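Here are the chains, one letter per residue:
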Amino acid sequence: MFDERRALFLGLAAVLLWSTVASAFKLSLRYLSPVQLLFWASLTSVVVLWLALALQGRLRELLWLPPGSLLKLGLPGLLTPWLYYLVLFKAYELLPAQEAQPLNYSWAITLSLLAVPVLGHSLRRKQLGAIALSYFGVLIIATRGEPLSLEFSNGPGVLLALGSTLIWASYWIWQTWSRVDPLLGLFCNFLFALPFIALTLWLTEGFSVPDTRGLAGAVYVGIFEMGLTFLLWLKALQLTRSTVHIANLIYLSPFLSLVLIHFVVGETILASSYIGLLFIVAGVLLQNSTRDIMNEEETP
């Protein structure tokens, strides 16, 4: 049954929680390395997603799946969470959160570009304009308000943040070929990736008892970035008649995130971060509106 009030409440709750994770990344990385943060957060996420499946009485679905199907469901986990979060957390380690977060948010534009060679999509002039608008915002943030200088605040960090968008977009394109339930697929992704993440930690740094403050941050990330918030968002979309109205709430997240980065992390937010983010979001909105018009034209 549809319940618009509940859908709006759950959607706003998800957006608010997602707005906190950039601050959680930055605070956790004061006490943990990127790979340590990824391991403990992923382990937490596996537990949370397993509990969600158990509470829904769906664990038997895993037992019914043949090994080949389980492998197919798990393989995207090599992109996300394993590679994606390794790259993203390293970007957050090198960059201020106010720069890493908006740069990573440009993944929607990267997805549009990647869909051209991989899915055979085409781009219209308005879409190309939207892409240019967003990447001009990226340039503003990366150069801290001096786009003509082409001098990046931290070149490796910027490349990693933008590289994370390529990995995330590749993951979602991979998922477009899957018809599995999102919760089941996400659990398989994290479960499959966890041994690879553990091996990466063991080979690079070895296992050790983490700082309790870092561990608390990793658990928070595992719950609210990788687990529970995803379930809230899915439920909101199921309860509404208009997925567009709920989906548009996500554009509040990067701006709320900057506010929290200021008050929680203690960063002084530069004007260039706000301006660049406005350009990025404007480009994403224009890109989405252009896509909607194309879909309407293609509908007989």
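Not measured: the values here are computed from a predicted model.

The rules behind these values
- As a convention, each chain's residues are numbered from 1 in the sequence order in which they are written.
- Local features are withheld for residues below a pLDDT of 70 in this predicted model, meaning they are given only at 70 or higher, and side-chain atom pairs are given and counted only at 80 or more; totals for whole chains, interfaces and linings count all residues.
- Side-chain descriptors were evaluated using all non-hydrogen atoms of the structure, hydrogens and water having been removed beforehand.
- Runs of H or I in DSSP of at least four residues are treated as helices and runs of E of at least two as strands, each being numbered from the N terminus.
- Note on method: radius of gyration uses C-alpha positions; expected globular size equals 2.2 Å times residues raised to 0.38.
- Per-residue and other accessible areas follow the Shrake-Rupley method at a 1.4 Å probe size, with only the shown protein chains counted as cover for residues.
- Charge assignment: positive for Lys and Arg, negative for Asp and Glu; neither His nor the chain ends contribute.
- The atoms used to mark charge sites are NZ of Lys, CZ of Arg, CG of Asp and CD of Glu.
- Axis lines are fitted to C-alpha atoms, over the contacting stretch for helices. Their N-to-C directions set the angle, which ranges from 0 to 180 degrees.
- Each angle is binned into one of four classes, with values under 35 degrees roughly parallel, values over 145 roughly antiparallel, values of 65 to 115 roughly perpendicular, and all other values oblique.
- Each helix crossing is assigned a hand: it is left-handed if the near helix lies turned anticlockwise from the far helix by less than a right angle, otherwise right-handed if that turn is clockwise.
- In this analysis, two residues are considered to be in contact whenever any of their non-hydrogen atoms come within 4.5 Å of each other.
- Only protein atoms enter the 1 Å grid used here, on which a cavity is any set of points holding a 1.4 Å probe that cannot leave and a pocket is any open set flanked by protein within 12 Å on both sides along at least five of seven lines; residues with an atom within 4 Å of a point are listed as lining.
- Grid points are joined across faces, edges and corners, and a volume is the space filled by probe spheres set on the points.
- We define a polar contact as two N or O atoms separated by no more than 3.5 Å, with the added condition that, inside protein, one atom must be a possible hydrogen donor and the other a possible acceptor, whereas residues neighbouring each other in sequence contribute only through side-chain atom pairs.
- Definition used in this section: a nonpolar core is a set of buried Ala, Val, Leu, Ile, Met, Phe, Trp, Tyr and Cys residues joined via side-chain atoms within 4.5 Å.
- Each residue's exposure class comes from its accessible area (1.4 Å probe, protein chains only) as a fraction of the maximum for that residue type: buried when under 20%, exposed when over 50%, partly exposed otherwise.
- The length a helix should cover is 1.5 Å for every residue beyond the first.
- Axes are fitted to the seven residues ending at a residue and to the seven starting at it; the angle between these axes is taken as the bend at that residue.

> Where do I start with the overall build of the protein in this structure?
Counting its regular elements, the protein contains 15 helices and zero strands. Here the C-alpha atoms of the protein give a radius of gyration of 19 Å, agreeing with the 19 Å that 2.2 N^0.38 yields for 300 residues. Seen through its principal axes, the protein has C-alpha atoms that stretch 55 × 55 × 40 Å. Just so you have it, the protein exposes about 14,900 Å², and 69% of that area is on carbon and sulfur atoms. Here the protein holds 17 positive side-chain charges and 16 negative ones, and the gap between their average locations is 6 Å.

> So what exactly am I meant to see when it comes to the packing of helix 7 (residues 107–119) against helix 9 (residues 155–176) here?
When two helices pack together, their arrangement is given by the angle between the helix axes and by the axis-to-axis distance. Taken N-terminus to C-terminus, the directions of helix 7 and helix 9 make an angle of 55°; their axes are 8 Å apart at the nearest point. Taken together, the axes of helix 7 and helix 9 lie oblique to each other. The two elements helix 7 and helix 9 cross, and the hand of that crossing is right-handed. From helix 7, Trp107, Thr110, Leu111, Leu114, Ala115, Val118 and Leu119 reach across to helix 9, where they touch Thr165, Leu166, Trp168, Ala169, Ser170, Trp172 and Ile173.

> For this particular structure, what's the right way to read the layout of surface pockets?
In this structure, the second largest pocket spans a volume of roughly 280 Å³. Contributions of two or more residues to the lining of the second largest pocket are made by helix 1 (4–28), helix 2 (34–55), helix 10 (182–204) and helix 12 (228–239). Per element, the largest residue contribution to the lining of the second largest pocket is five residues, and it comes from helix 12.

> Explain the packing of helix 1 against helix 14 (residues 253–265) to me, please; I cannot follow it from the model alone.
Where helix 1 meets helix 14, the closest approach of the two axes is 8 Å, and the angle between their N-to-C directions is 40°. By the angle between their directions, the pair helix 1 and helix 14 is classed as oblique. Like other packed secondary-structure pairs, helix 1 and helix 14 cross with a definite hand, here right-handed. In contact with Val15, Trp18, Ser19, Thr20, Ala22, Ser23, Lys26 and Leu27 of helix 1, helix 14 contributes Ser253, Leu256, Ser257, Leu260, Ile261, Val264 and Val265.

> I tried to follow the side chain of Ser164 on my own but got confused; where do I start?
If you trace the backbone, Ser164 turns up in helix 9. In terms of polar contacts, Ser164 uses its side chain to reach the side chain of Asn104, at 2.9 Å. Not counting the four nearest positions on each side in its chain, Ser164 is found in contact with Tyr84, Val87, Leu88 and Asn104.

> How should I be thinking about the nonpolar core in this particular structure?
The nonpolar side chains of soluble globular proteins are, as a tendency, buried together. Counting 66 residues, the largest nonpolar core has Phe89, Tyr92, Val221 and Met226 as the members making the most contacts within it. Counting residues per element, this core draws most heavily on helix 10, at 11 residues. Each residue touching Val221, except ones within four places of it in the same chain, is listed here: Ala24, Phe25, Leu37, Ala41, Phe89 and Met226. Core analysis: the second largest hydrophobic core is formed by 13 residues, Ala7, Trp18, Ile246 and Leu249 among them.

> Explain helix 1 here, please?
Two residues of an α-helix separated by three or four positions point the same way, owing to the 3.6 residues in each turn. With 25 residues, helix 1 should cover 36 Å at 1.5 Å per step; its first-to-last C-alpha distance of 36 Å lies within 8% of that length. In helix 1, a bend of some 30° at Ala22 exceeds every other bend along the element.

Geometric values such as these leave the question of function open.
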